[in-house]
Amino acid sequence: MSGHTLRIATWNINGVKARIDTVSAWLREASPDIACFQEIKSVDEAFPGDAFEALGYNVTTHGQKGFNGVALISKKPPEDVRRGLPGDDSDEQARYLEAVFSTGDGVVRVASIYLPNGNPVESEKFPYKLAWLDRLYGHARSLLAFEEPLVLAGDYNVIPTPADARFPENWTGDALFQPQSRGAWRRLSALGFTDASRAVAPRDELFTFWDYQAGAWQKNNGIRIDHMMLSPQAADRLVCAGTDKHVRGWEKPSDHIPVWIELAA
DNA sequence: ATGCCTTGTCGCACAAGA
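Only a predicted model underlies this, so the values are computations on that prediction, with no experimental measurement involved.

Caption draft 1: Fine view of the sheet that holds strand β2 (residues 34-38). One open sheet holds the 6 strands; their spatial order is β3-β4-β2-β1-β14-β13, and the pairing between them is mixed. Sheet topology places β3 (58-62) and β13 (238-243) at the edges, where each strand pairs with a single neighbour. Across the sheet, the axes of successive neighbouring strands diverge by a mean angle of 15 degrees, strand direction being ignored. By the bridge criterion, 5 bridges tie β2 to strand β4 (residues 70-74) in an arrangement that is antiparallel. Residue pairing for β4: glutamine 38 is matched across the bridge by valine 70. Packing against the sheet, helix α1 (residues 20-30) makes contact with β1 (5-12) and β2, and its axis sits at approximately 160 degrees to β1.

Written as structure tokens, this is what we have:
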């Protein structure tokens, strides 16, 4: 061990154009080595990469018009960039971006994931979510064969357990808390991934999302849906984890907050 | 609660989010 740590974060920023100042302020404060963004809501050509490059970052995007879209912001340039989740060539939604980064101690593979919301459950959106979870399972299993530090980070749109919601009874009919969604989450975990936030703080609230509506933030009506899943080789290097909850109280906040880990590097 | 906010779109309201 060199004694250094690699700081990796994930944040659903809810629109990069509306969040340039907020995101820039957070990058200055948190100084992550790698940041995974979701819901950039921008095509690649319109992504304001200059603002982040001015802070010393490389910018890699996988966007689409209006909705969805993911990005990787990194102090070191990415290698082996993969855009899109394998398993369905007809899927045109930009929800998956993966790359490899060199560190002081080998490489780390990082994915920025924006899982489908899936509501309402009686619509076609819910089976799309479950199919996407199945595809993620298959791809994650294939990546585990590399036996390297791997971080699957992002907005999973899954509330894993009742402890991950302030009012779990309010979510029983929601796609985020359906038995099928939670079952798919458990199957992914059972492949051998470590839920970094829970591993470090088993009993804390650790909410990552508070709705803009009905004073959810003021009432602490939150849920934990942004997760960082670590391969065994990444989990072996886990030093600490946390959330930047104070960012939810800033001007023009996203409805999600940054979630981060530090890996020995 | 179909509501409550917020963002993006080429809008003069709407879809989507969670």
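Caption draft 2: Representation of the pairing of strand β8 (residues 150-155) within the structure. Taking burial as the measure, the 6 residues of β8 include 6 buried ones, the bulk of the element. The sheet contact formed by strand β7 (residues 106-114) and β8 spans 6 bridges and is parallel. By the bridge assignment, arginine 109 is partnered in β8 with leucine 150. Following the backbone out of β7, through helix α3 (residues 125-144) and into the adjacent parallel β8, one traces a crossover that is right-handed. Alignment of β8 against strand β12 (residues 226-230), held across 5 bridges, turns out to be antiparallel. Bridged to leucine 152 within β12 is methionine 229.

Caption draft 3: Inspection of α1 at higher detail. Buried within α1 are the following residues: Thr22, Val23, Ser24, Trp26, Leu27 and Ala30. On its buried face, α1 sits against β1, β2 and α2 (49-53). Looking at the residues trailing α1, positive phi occurs at serine 31, about 50 degrees.

Caption draft 4: Quick look at the protein's contact with DNA strand B. Neighbouring DNA strand B are 26 residues; Glu39, Tyr114, Asn117, Asn157 and Gln213 lie closest to it. Arginine 19 is positioned with one of its side-chain polar atoms (N or O) 3.2 Å from a phosphate oxygen of DNA strand B. Within the side chain of histidine 256, one N or O atom sits 3.5 Å away from a phosphate oxygen of DNA strand B. Of the residues that constitute the surface near DNA strand B, the class distribution is 9 nonpolar, 8 polar and 9 charged.

Caption draft 5: Focus on the sheet that holds strand β9 (residues 194-195). Pairing within the open sheet is mixed, and its 6 strands lie in the order β5-β6-β7-β8-β12-β9. With one partner strand each, in any of the chains shown, β5 (79-83) and β9 form the two edges of the open sheet. Across the face of the sheet, α3 comes into contact with β5, β6 (96-103), β7 and β8 while running at roughly 25 degrees to β6.

Caption draft 6: Expanded view of the side chain of arginine 109. Tracing the backbone shows arginine 109 in strand β7. A polar atom in the side chain of arginine 109 sits 2.4 Å from the side chain of glutamate 148. In this structure, arginine 109 is in contact with Glu98, Ala99, Val100, Leu143, Phe146, Glu148, Pro149, Leu150 and Val151, ignoring residues within four places of it in sequence.

Caption draft 7: How the structure looks around the packing of aromatic side chains. One pass over the structure, following the stated rule, counts 8 aromatic pairs. Ring geometry for tryptophan 11 versus phenylalanine 37: centroids 6.4 Å apart, planes at 75 degrees, classification edge-to-face. One end of the pair, tryptophan 11, is in strand β1; the other, phenylalanine 37, is in strand β2, with 26 residues separating them in the sequence. Plain terms: the ring middles of phenylalanine 37 and phenylalanine 52 are 6.3 Å apart, the flat faces sit at 65 degrees to each other, and that makes the pair edge-to-face. Of this pair, phenylalanine 37 sits in strand β2 while phenylalanine 52 sits in helix α2, and the two are 15 residues apart along the sequence. Each member of the pair, phenylalanine 37 as well as phenylalanine 52, carries the same accessibility label: buried. Taken together, the ring pairs connect Trp11, Trp26, Phe37, Phe47 and Phe52 into an aromatic cluster. Geometry around tryptophan 260 places arginine 7 over its ring, the cationic atom sitting 4.3 Å from the centre. Here the guanidinium or amino end of arginine 109 rests over the ring plane of phenylalanine 146, the centre of that ring lying 4.8 Å away.

Caption draft 8: Up close: the pattern of salt bridges. Counted by the stated rule, this structure contains 9 salt bridges. Of the charged contacts in the structure, one is a salt bridge between glutamate 98 and arginine 82, with a shortest N-O distance of 3.8 Å. Of this pair, glutamate 98 sits in strand β6 while arginine 82 sits in strand β5, placing them 16 residues apart in sequence. Residues arginine 198 and aspartate 164 are paired through a salt bridge, measuring 2.9 Å at the closest nitrogen-oxygen approach. Residue arginine 198 is located in helix α5 (residues 196-200), and its partner aspartate 164 is located in the loop between β8 and α4 (179-190); the two are separated by 34 residues in the primary sequence. Aspartate 164 shares its class with arginine 198; the two are buried.

Rules of the game
- Residues numbered from 1 in each chain as written.
- Chains lettered and ligands numbered in written order.
- Predicted model: local features only at pLDDT ≥ 70, side-chain atom pairs only at ≥ 80, totals over all residues.
- Heavy atoms only, no water.
- Pairing = 2+ DSSP bridges.
- Helix = DSSP H or I, 4+ residues; strand = E, 2+ residues; numbered from the N terminus.
- Axes fitted to C-alpha atoms, helices over the stretch in contact; angles between N-to-C directions.
- Contact = heavy atoms within 4.5 Å.
- Buried < 20%, exposed > 50% of the residue type's maximum accessible area, 1.4 Å probe, protein only.
- Right-handed = clockwise from strand over helix to strand, strands pointing away.
- Near = heavy atom within 4 Å.
- Polar contact = N/O pair within 3.5 Å; in protein donor to acceptor, adjacent residues only side chain to side chain.
- Nonpolar A, V, L, I, M, F, W, Y, C, P; charged D, E, K, R; others polar.
- Phe/Tyr/Trp six-rings, centres within 6.5 Å; stacked < 30°, edge-to-face > 60°.
- Lys NZ or Arg CZ within 6 Å of the ring centre and 35° of its normal.
- Salt bridge = Lys/Arg side-chain N within 4 Å of Asp/Glu carboxyl O.

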